[in-house]
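Here are the chains, one letter per residue:
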Amino acid sequence: MTQAAKILRHSRASPAIARAIDDFVRRLARVTEIKHSLTVIVYPRATLTINGDAAFGAFEAGLQTIWVPGDMRKLKSILKTRSDCPAIEMAVETLCHEIAHYEQWRDGRKLQERGVAVRTRTLYRLARKL
Ligand SMILES: [Zn+2]
């Protein structure tokens, strides 16, 4: 059974990004099986540091939690754009990437970057056209 994920927006994270993530999580739940009650945290920064490396997002299997970036101003700065749309898309693509990692874990596969870029694009395309 596919479950809807719970979205938590940090008070300093962008409401527009949180709305887009909420919409896209529902779309993704129609194109892949979400068997666990995932929590998606829209955090109030543009990047996280994981093992010393900067990343836009993360999936933590133990917590069944996904982090996506919610700092609109910083994302626009990184992407060198004045428009909100590319920043929102970056957050949505990060969500797709982390859902691809969730699928690896859900299916008992190794969590790795191999194959994730292709799966991310597929998830994005399938969910976007709904
Ligand atoms: Zn990854």
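I will try to describe carefully the structure that is included in this document. (Residues numbered from 1 in each chain as written. Predicted model: local features only at pLDDT ≥ 70, side-chain atom pairs only at ≥ 80, totals over all residues.)

A short note on helix α4 (residues 116-128)
Piece 1. Compared with an ideal rise of 1.5 Å per residue, which puts 13 residues at 18 Å, α4 spans 18 Å between its outermost C-alpha atoms and is within 8% of the ideal.
Piece 2. Taken together, the buried positions of α4 are L123, Y124 and A127. Within α4, the buried residues cover an arc of 100° as seen down the axis, which keeps them to one side. Relative to its buried face, α4 has exposed residues pointing more than 90 degrees away, namely V118 and R125.
Piece 3. Elements that come into contact with the buried residues of α4 comprise α1 (15-31) and α3 (84-106). (Helix = DSSP H or I, 4+ residues; strand = E, 2+ residues; numbered from the N terminus. Expected span 1.5 Å × (residues − 1). Buried ≥ 20, exposed ≤ 12 C-beta atoms within 10 Å, placed from the backbone. Arc of directions from axis to C-beta. Contact = placed C-beta atoms within 7 Å.)

Some details on the pairing of strand β6 (residues 65-69)
Piece 1. Most of β6 sits inside the fold, with four of its five residues counted as buried.
Piece 2. Pairing of strand β5 (residues 58-60) with β6 involves three bridges; the strand directions are antiparallel. Of the residues in β6, the one forming a bridge with A58 is W67.
Piece 3. Hairpin connection from β5 to β6: four residues lie between these consecutive antiparallel strands, with Q64 at a positive phi of about 50°. (Pairing = 2+ DSSP bridges.)

A word on unusual backbone geometry
Piece 1. Phi is positive for N51, close to 50°, though the residue is something other than glycine.
Piece 2. Within the secondary structure layout, N51 lies in the loop between β3 (48-50) and β4 (53-55).
Piece 3. You can call N51 exposed: it has 5 C-beta atoms within 10 Å.
Piece 4. In this structure, Q64 takes a positive phi of about 50° despite not being glycine.
Piece 5. Assignment of secondary structure puts Q64 in the loop between β5 and β6.
Piece 6. Classification of Q64 by C-beta neighbours within 10 Å gives partly exposed; the count is 16.

Digging into the sheet that holds strand β1 (residues 6-9)
Piece 1. In spatial order, the strands read β1-β2-β6-β5; together these four strands make up an open sheet with mixed pairing. Lying at the two open borders of the sheet, with one neighbouring strand each, are β1 and β5. Strand-to-strand, the axes of this sheet are offset by a mean angle of 20°, without reference to chain direction.
Piece 2. Pairing of β1 with strand β2 (residues 39-43), which is carried by four bridges, proceeds in the parallel orientation. Looking across to β2, one finds that I7 is bridged to V40.
Piece 3. Here α1 sits on the sheet and contacts β1, β2 and β6; the angle it forms with β1, its principal contact strand, is near 170°. (Axes fitted to C-alpha atoms, helices over the stretch in contact; angles between N-to-C directions.)

The quantities given are spatial measurements derived from coordinates; they are silent on function.
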